[in-house]
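# Examining the three-dimensional arrangement
Chain by chain, the residues:
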Amino acid sequence: MQPETLSFFDKVYDVAKQVPMGRVTSYGAIAKYLGAAKSARMVGYAMNGSHGKDVPAHRVVNRKGLLTGKHHFEGTNLMQQLLENEGVEVIENQVQNFEKVFWDPSKEL
DNA sequence: GTAATGACGGCTA
DNA sequence: ATAGCCGCCATTA
């Protein structure tokens, strides 16, 4: 795996790692922070490579606060389990108080 | 080399 | 306000 895309991926990982516990961010927020607001897909794709890294992908959800990527985790409710473990209330793959736990890198960072 | 997909988001009808 | 379509960048088939 050559670090060709590491530039883009690295940024995603960097932001994802900086996400505080009990907070969640959206792909679009990270993408926008990276300067690729229209490339939110890449952010999610980058998370694919985050598997096995120190990147809390479970803290990254879509703009609706829905755990769209929970299907990519090991278990069925592992992502939800992790979020609840951090204090994030999640019901039916839906983050409750999403705007409260929402962490915007462009503002907070 | 071309086509389709993907952990999304924004725009248009 | 709601629904549907298109676009982005990279990877894979």
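Our subject is the structure that appears above.
Remember, predicted model here, so these are calculated numbers, not experimental data.

## Some words on the overall build of chain A
From N to C terminus, chain A includes five helices and four strands. Across chain A, helices and strands are ordered from the amino to the carboxyl terminus as α-β-α-α-β-α-β-β-α. Relative to a compact globule of 109 residues, whose C-alpha radius of gyration would be 13 Å, chain A shows 13 Å and is just as compact. For chain A, the spread of C-alpha atoms along the principal axes amounts to about 35 × 30 × 20 Å. Within chain A, contacts between residues separated by at least 24 positions form 60% of all contacts whose residues are at least 6 apart in sequence.

## Regarding the protein's contact with DNA strand B
Around DNA strand B, 18 residues are found, and the nearest of them are Gly28, Gly44, Met47, Arg63 and Gly69. Going through the elements one at a time, α2 (27–34) and α3 (40–50) are the ones with two or more residues in the surface near DNA strand B.

## Some details on unusual backbone geometry
A positive phi angle, near 55 degrees, is found at glutamate 92, a position not held by glycine. Looking at where glutamate 92 falls in the secondary structure, it is placed in the loop between β3 (90–91) and β4 (94–95). One non-glycine residue, asparagine 97, lies in positive phi territory at about 55 degrees. Counting through the fold element by element, asparagine 97 comes out in the loop between β4 and α5 (98–101).

## Quick notes on the nonpolar core
Counting 28 residues, the largest nonpolar core has Val12, Ala16, Val24, Ile30, Val43, Val60 and Val95 as the members making the most contacts within it. Breaking this core down by element, the ones donating at least two residues are α1 (6–17), α2, α3, β2 (60–61) and α4 (78–86). For this core, the element with the most residues is α2, which contributes six residues. Not counting residues up to four positions away in its chain, the partners in contact with valine 60 are Ala16, Val24, Thr25, Tyr27 and Met47.

## Side note on α2
For α2, the tally of buried residues reaches six of eight residues, placing the bulk of the element in the interior. Along α2, the residues classified as buried are Tyr27, Ala29, Ile30, Ala31, Tyr33 and Leu34.

## A short note on the packing of α2 against α3
The packing of two helices is summarised by the inter-axis angle and the distance between the axes. Packing of α2 against α3 leaves a shortest axis separation of 8 Å and a crossing angle of 105 degrees. Judged on the interaxial angle alone, α3 and α2 are roughly perpendicular. In contact with Tyr27, Gly28, Ile30 and Ala31 of α2, α3 contributes Ala40, Met42, Val43 and Gly44. Of the residues contributing to the contact of α2 with α3, the split by class is six nonpolar, two polar and no charged.

## Quick notes on the environment of glutamate 84
Looking at where glutamate 84 falls in the secondary structure, it is placed in helix α4. Among the residues examined, glutamate 84 registers 14 C-beta atoms within 10 Å and is labelled partly exposed. Residues glutamate 84 and glycine 22, 62 residues apart in the sequence, show an inter-C-alpha distance of 8.3 Å. In contact with glutamate 84, other than residues within four places in its own chain, are Glu89 and Val90.

How each quantity is defined
Residues numbered from 1 in each chain as written. Chains lettered and ligands numbered in written order. Predicted model: local features only at pLDDT ≥ 70, side-chain atom pairs only at ≥ 80, totals over all residues. Helix = DSSP H or I, 4+ residues; strand = E, 2+ residues; numbered from the N terminus. Rg over C-alpha atoms; globule rule 2.2 N^0.38 Å. Contact = placed C-beta atoms within 7 Å. Near = placed C-beta within 6 Å. Core = buried A, V, L, I, M, F, W, Y, C linked by C-beta atoms within 7 Å. Buried ≥ 20, exposed ≤ 12 C-beta atoms within 10 Å, placed from the backbone. Axes fitted to C-alpha atoms, helices over the stretch in contact; angles between N-to-C directions. Parallel < 35°, antiparallel > 145°, perpendicular 65-115°, else oblique. Nonpolar A, V, L, I, M, F, W, Y, C, P; charged D, E, K, R; others polar.

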